[in-house]
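Residues per chain are reported as follows:
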Amino acid sequence: MALTKFFSGYFHVFTVLCILNLWVTRVCEGSRAEFVTCGTILKLINTDLKLRLHSHDVKYGSGSGQQSVTAVDVSDDHNSHWSVRAAMGETCKRGAPIKCNTKIRLQHVGTKKNLHSHYFSSPLSGNQEVSCYGDEDGEGDSGDNWMVVCNNDYWRRDTPVKFRHVDTSAYLAGSGRTFGRPISGQGEIVGVSSQYGAYTDWQAQEGLFVHPSDMLPHQQQAIHTEL
């Protein structure tokens, strides 16, 4: 009986160690995942300003009066998480790498509204306003569509990309200006006419990177990295 208990306990410990080893291996592989995929939740950093794209349930006091979009310098703010979705009226396979020059939507995780732009003036610099828009289900209109502009085959996590607004052709950018109260110190986010203007490069940062359903030949299996 004692011998049976010993082997039973040994087998249990061995099983737990094997599971932990598999988990650690997959997390390590996840940290090496190369691409942003459909369904990914991530933060986006402006590579020049070193600020993360951000939103919150605070409306602009001018322009459209829609939910404001800003940029913050802290890395652990939960209001800086965005979900990568298919463009309005389109679909994408969960886990599929996003191809360059593909239209997408970026849904703000906290409020379920989509990154949006239109022909309103931004409050500080007078550029094109960028807001968040949509109903409780995250459905808005064509002003929520953005094209991922990059030079590779796919949107790589280690390479900056640009986002061109489909309806207006403006590029997502920081203006370099900061707000006062009630969002003191947060940076203004705008649309600008040229991709070669200042502050138009964005790179994937912390996130939950969804396992690709259809693996590319050179890509290893990945689950996620830390939020």
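Moving on, we get to the pattern of salt bridges. Two side chains of opposite charge can pair, provided their charged atoms sit close to one another. Tallied over the entire structure, the rule returns eight salt bridges. Close ionic contact of R156 with E34 constitutes a salt bridge, the shortest N to O distance being 3.2 Å. One end of the pair, R156, is in the loop between β8 (146-149) and β9 (162-165); the other, E34, is in the loop between α1 (2-30) and β1 (41-46), and 122 residues separate them in sequence. For the salt bridge of K162 with D201, the shortest nitrogen-to-oxygen distance reads 2.7 Å.

Here the focus is the nonpolar core. The biggest cluster of nonpolar side chains holds 31 residues, and the ones touching the most others in it are L53, L115, W155, F163 and L172. Of all the secondary-structure elements, those providing two or more residues to this core are β1, β2 (51-59), β3 (67-72), β4 (82-86), β5 (103-108), β7 (128-133), β8 and β12 (202-208). Once residues lying within four places of it in the same chain are set aside, the contact partners of L53 are L44, V69, T70, S80, W82, L115, L172, I189 and W202.

A complete count under the given rule lists two disulfides for this structure. Between the sulfur of C100 and that of C150 lies a disulfide, 2.0 Å long from S to S. Across the disulfide from C100 to C150, rotation about the S-S bond amounts to roughly -115°, and the bridge is consequently left-handed. With C100 in the loop between β4 and β5 and C150 in the loop between β8 and β9, the pair connects residues that are 50 residues apart, well separated along the chain. Residue classification places C150 among the buried residues on the basis of a relative accessible area of 11%.

Conventions used here
- Residues numbered from 1 in each chain as written.
- Predicted model: local features only at pLDDT ≥ 70, side-chain atom pairs only at ≥ 80, totals over all residues.
- Heavy atoms only, no water.
- Salt bridge = Lys/Arg side-chain N within 4 Å of Asp/Glu carboxyl O.
- Helix = DSSP H or I, 4+ residues; strand = E, 2+ residues; numbered from the N terminus.
- Core = buried A, V, L, I, M, F, W, Y, C linked by side-chain atoms within 4.5 Å.
- Buried < 20%, exposed > 50% of the residue type's maximum accessible area, 1.4 Å probe, protein only.
- Contact = heavy atoms within 4.5 Å.
- Disulfide = S-S within 2.5 Å.

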